[in-house]
Amino acid sequence: MLEDKEIKRLVNRHIWTSIAVNAIAMILVVIGVSLMFPQKQAEYLSASVIAVTFGLIETMVLMKIWLRVVLKTPDSLPTFYTASSGFRMLAALAMLLVVYIFVGRDAMLPYFLVFVLSYFLVLILHSLFFKKMTERLL
């Protein structure tokens, strides 16, 4: 069983890892688009900023709640995992709706593509982290 201090350290490391991986992926997207479609660079840059910001906020909120659940009521982790999946999906849909309202239908494609990439990166990172931590906690 891990100590509380060690769990908090691992959570903070996961947050920073998620931020770094997401930011690097978005930088690569912007560089790739700049080389292939220079006229679309601004759209993909703003889409990357929105996706990274969403990923950062979602990761921080989710990890802080996970930390609290693990420290206070570890028996309710399965419920947390189910609820967090639903929360993540609804938050992503709400974010895409807000972007749709502001940029319109015609400009939505870059935002959608970058956001989906970011969403799946964060989803994979969270899944690996939760799997690893569940094994260590049991």
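For the structure, check the block above.
Residues numbered from 1 in each chain as written. Predicted model: local features only at pLDDT ≥ 70, side-chain atom pairs only at ≥ 80, totals over all residues. Heavy atoms only, no water.

Close contact between helix 1 (residues 4-36) and helix 2 (residues 41-72) brings their axes to 10 Å; oriented N to C, the two are set at 170°. Comparing their axes, helix 2 and helix 1 come out roughly antiparallel. Of the residues in the contact of helix 1 with helix 2, the class split is 20 nonpolar, nine polar and three charged. (Axes fitted to C-alpha atoms, helices over the stretch in contact; angles between N-to-C directions. Helix = DSSP H or I, 4+ residues; strand = E, 2+ residues; numbered from the N terminus. Parallel < 35°, antiparallel > 145°, perpendicular 65-115°, else oblique. Nonpolar A, V, L, I, M, F, W, Y, C, P; charged D, E, K, R; others polar.)

On to the layout of surface pockets, then. Of the pockets and cavities examined, the largest pocket occupies roughly 180 Å³. Around the largest pocket sit L10, R13, H14, T17, L125, L128, F129, K132, M133 and R136, which together line it. Listing elements by their share of the lining of the largest pocket, those giving two or more residues are helix 1 and helix 4 (108-137). Counting residues per element, the lining of the largest pocket draws most heavily on helix 4, which supplies six residues. Counted by class, the lining of the largest pocket contains five nonpolar, two polar and three charged residues. (1 Å grid on protein atoms, 1.4 Å probe; cavity = no way out; pocket = protein on both sides within 12 Å on 5 of 7 lines; lining within 4 Å. Points joined across faces, edges and corners; volume = space filled by probe spheres on them.)

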